[in-house]
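Below, each chain spelled out in residue letters.
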Amino acid sequence: MLTLPTPDGNLETYDLVGDPLNPRAPRVPFTRTAFAAAHVISDPLRERNPWDTRPAVDWDTTLRFRHSLWDQGLGLAEAMDTAQRGMGVDWQTARTLIERTMPEAKMHPLKPRVACGAGTDHIPLEDLTTSAKIQAAYTEQAEVIEAAGGQLILMASRAFTAMNADCDAYRRVYRALIDGAAQPVILHWLGDMFDPALAGYWGYGDVGLASDFVLSLIAEKPAKVDGIKISLLDQSHEESFRARLPEGVRLYTGDDFSYADLIAGDGIRYSHALLGIFAAIAPAAAQALEALAEEDLSRFHDLLAPTVPLSHEIFRSPTRFYKAGIAFLSWLNGQQEHFIMPAGFQSSRDITHYASVFRLADQARLLAQPELAERRMKTLLSLHGI
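Definitions and cut-offs
- Once a new chain begins, its residue numbering starts again from 1 and follows that chain's sequence as written.
- Note on the predicted model: pLDDT of at least 70 is required for a residue's local features to be given, and 80 or more for side-chain atom pairs to be given and counted; whole-chain, interface and lining totals, by contrast, use all residues.
- Hydrogens and water are ignored here; the side-chain numbers use all heavy atoms of the structure.
- Per the convention used, a helix needs a DSSP run of H or I reaching at least four residues, while a strand needs a run of E reaching at least two, with both numbered from the N terminus.
- The globule rule used for comparison is 2.2 Å times the number of residues to the exponent 0.38, while the radius of gyration itself is calculated over C-alpha atoms.
- Only protein chains enter the calculation, and the probe is 1.4 Å; a residue is then buried if its accessible area is under 20% of its type maximum, exposed if over 50%, and partly exposed in between.
- Any pair of residues with heavy atoms lying within 4.5 Å of one another is described as a contacting pair.
- Each accessible area is a Shrake-Rupley estimate made with a 1.4 Å probe; only the visible protein chains count as cover when residues are assessed.
- For the purpose of charge, His is not counted, nor are the chain termini; Lys and Arg are scored as positive and Asp and Glu as negative.
- Note that the charge is assigned to NZ on lysines, CZ on arginines, CG on aspartates and CD on glutamates.
- To estimate how far a helix should reach, multiply one less than its number of residues by 1.5 Å.
- Each axis is a line fitted through C-alpha atoms, taken for helices only over the stretch in contact, and angles between the N-to-C directions span 0 to 180 degrees.
- We call two directions roughly parallel when the angle between them is under 35 degrees, roughly antiparallel when it is over 145, roughly perpendicular when it lies between 65 and 115, and oblique otherwise.
- For this classification, the nonpolar set comprises Ala, Val, Leu, Ile, Met, Phe, Trp, Tyr, Cys and Pro, the charged set comprises Asp, Glu, Lys and Arg, and every other residue, Gly included, is treated as polar.
- Working definition: the arc comes from the directions between the helix axis and the C-beta atoms, pointing outward to the latter.
- Strands pair, by our definition, only if DSSP identifies at least two bridges between them.

J.: Sorry, what's going on with the overall build of the protein here?
T.: Of the regular secondary structure elements, the protein holds 15 helices and ten strands. Over its C-alpha trace the protein gives a radius of gyration of 20 Å, about what one expects of a compact globule, namely 21 Å for 386 residues. Its C-alpha atoms put the protein at 60 × 50 × 45 Å along the principal axes. A burial count over the protein gives 56% of its 386 residues as buried. Within the protein, contacts between residues separated by at least 24 positions form 71% of all contacts whose residues are at least 6 apart in sequence. Carbon and sulfur atoms form 51% of the exposed surface of the protein, whose accessible area is close to 15300 Å². Across the protein, the mean location of the 36 positive side-chain charges is 4 Å away from that of the 49 negative side-chain charges.

Put into structure tokens, the structure is as follows:
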């Protein structure tokens, strides 16, 4: 039994359900493409001045976590915002991560798909003052990813919004990057709830106009676009956008609130997945996708429905701090030995949040080792005087 804080500032007892799902390989191929966006695990013994220097990474543990996702049939979205790109993890660290991950993925027996984030974050914003400079920055990272054998995800860049770029600047840069890629790319539309610096992306403050622009960009050469990840947390927008995509171009949902319904689809169209929450709920996500492939929609929803309240809590406003909840669950589940994040990011959430995540993860059958999770939760509580 635990004594946990509540959002209203009180304490209450909690008895664990303690009925975890068993992670396993899928019985059948999935009918949806599913990328889990994974976090980076720090090495606290080597960390120095975490707010001011590059992070010290525990590479072995970070890669083991990726293997755990692949073992369950999930693909990997590498070096994305879930890995704290621009929020504690710099490009040099991300590059090393990509170059270490790709050989591991190639040797894995399930041959998982891995797509990697290419951005402009190695160049200071004040130096990215033209579309040509933004394109050159993207290209530098894209060449590294392709040399390692990764598929490109063209991450949203703060450089566009910092220079108040119009849609023509976006078109010039994205057209060149899409056309020059070795294989079809995944576009990335990250809303300002995930990163306030991305407000007005694609050159429009209006989401409808921005959607029209992106769709026109894709329609120019749809064979060069694998899909687009949309993280606007707006189910109706995603469904209407999805219906307008050219044949063969995937909609990768980044909606960590409505993913279950969007992946299930409306009977005609459905979304694929590129989600941070899938790293935290991997056993439920993988087994739900298996059920969907076996046309067992009831089991699909039975597995995912309990994860939705958990995801709402992890991704609650300020949404950009969601990475802390993912690392917290990794620690509770014994996938890492500590709860320390690059740049001390674990301090971005409060103890009542972590208590809520604990309860909801237990109820979603996602505390893999309940006794270990309880001991670690007690440790965190004691640090907060509880």
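J.: Sorry, what's going on with helix H14 (residues 351-363) here?
T.: Turn by turn, an α-helix covers 3.6 residues, leaving residues three or four places apart pointing in a common direction. For H14, with 13 residues, the first-to-last C-alpha span of 19 Å sits near the 18 Å given by 1.5 Å per residue. Counting buried positions along H14 gives eleven out of 13 residues, so the element sits mostly inside the fold. Along H14, the positions that sit buried rather than exposed are Ile351, His353, Tyr354, Ala355, Ser356, Val357, Phe358, Arg359, Leu360, Ala361 and Asp362. Elements in contact with the buried residues of H14: strand S1 (2-5), strand S2 (11-14), helix H12 (307-314), helix H13 (323-332) and helix H15 (370-383). Count one or two residues on from H14 and you reach arginine 365, which has phi positive near 65°.

J.: Please explain the packing of H14 against H15 as it appears in this structure.
T.: For any two helices packed against each other, the geometry is given by the interaxial angle and the distance between the axes. Where H14 meets H15, the axes come as close as 11 Å, and the angle between the chain directions of the two elements is 170°. By the criterion of interaxial angle, the relationship of H14 to H15 is roughly antiparallel. Each of Ile351, Tyr354, Ala355 and Phe358 in H14 lies in contact with H15, whose residues at this interface are Ala373, Glu374, Met377, Leu380 and Leu381. Class assignment for the residues of the contact of H14 with H15 results in eight nonpolar, no polar and one charged.

J.: When you look at helix H3 (residues 131-148) in this model, what are you seeing that I'm missing?
T.: An ideal rise of 1.5 Å per residue puts 26 Å on 18 residues; H3 measures up with 26 Å between its terminal C-alpha atoms. Residues of H3 that are buried: Ser131, Ile134, Ala137, Tyr138, Gln141, Ala142, Val144, Ile145 and Ala148. What you see down the axis of H3 is that its buried residues fit within an arc of 160°, all on one side. Seen from the buried face of H3, the exposed residues on the opposite side, beyond 90 degrees, are Ala132, Glu143 and Ala147. Along its buried surface, H3 packs onto helix H2 (91-107), strand S5 (114-118), strand S6 (151-154), helix H4 (158-162) and helix H5 (167-180). In the stretch just after H3, glycine 149 is the one whose phi turns positive, near 95°.

J.: So what exactly am I meant to see when it comes to the side chain of glutamate 290 here?
T.: In this structure, glutamate 290 sits in helix H10 (residues 282-293). Among residues more than four places away in sequence, those in contact with glutamate 290 are Arg24, Ala25, Pro26, Arg27, Val28 and Phe30.

J.: So what exactly am I meant to see when it comes to the sheet that holds S5 here?
T.: Hydrogen bonds between backbone groups are what pair the strands of a sheet, and the pairing can be parallel or antiparallel. Sheet architecture is closed into a barrel: eight strands sit in the order S3-S4-S5-S6-S7-S8-S9-S10, paired in parallel fashion. Across the sheet, the mean angle separating the axes of adjacent strands is 25° when strand polarity is ignored. In terms of strand pairing, strand S3 (residues 34-37) meets strand S10 (residues 272-275) through three bridges, oriented parallel. Its bridge partner lying in S10, alanine 34 is registered against alanine 273. Along the sheet, H3 makes contact with S5 and S6, crossing S5 at roughly 160°.

J.: Explanation requested: the environment of alanine 182 in the structure shown.
T.: For alanine 182, the location among the structural elements is in the loop between H5 and strand S7 (185-190). On the accessibility criterion, alanine 182 (67% relative accessible area) is exposed. On a C-alpha basis, the gap between alanine 182 and aspartate 166 in space is 27 Å, while along the polypeptide they are 16 residues apart.

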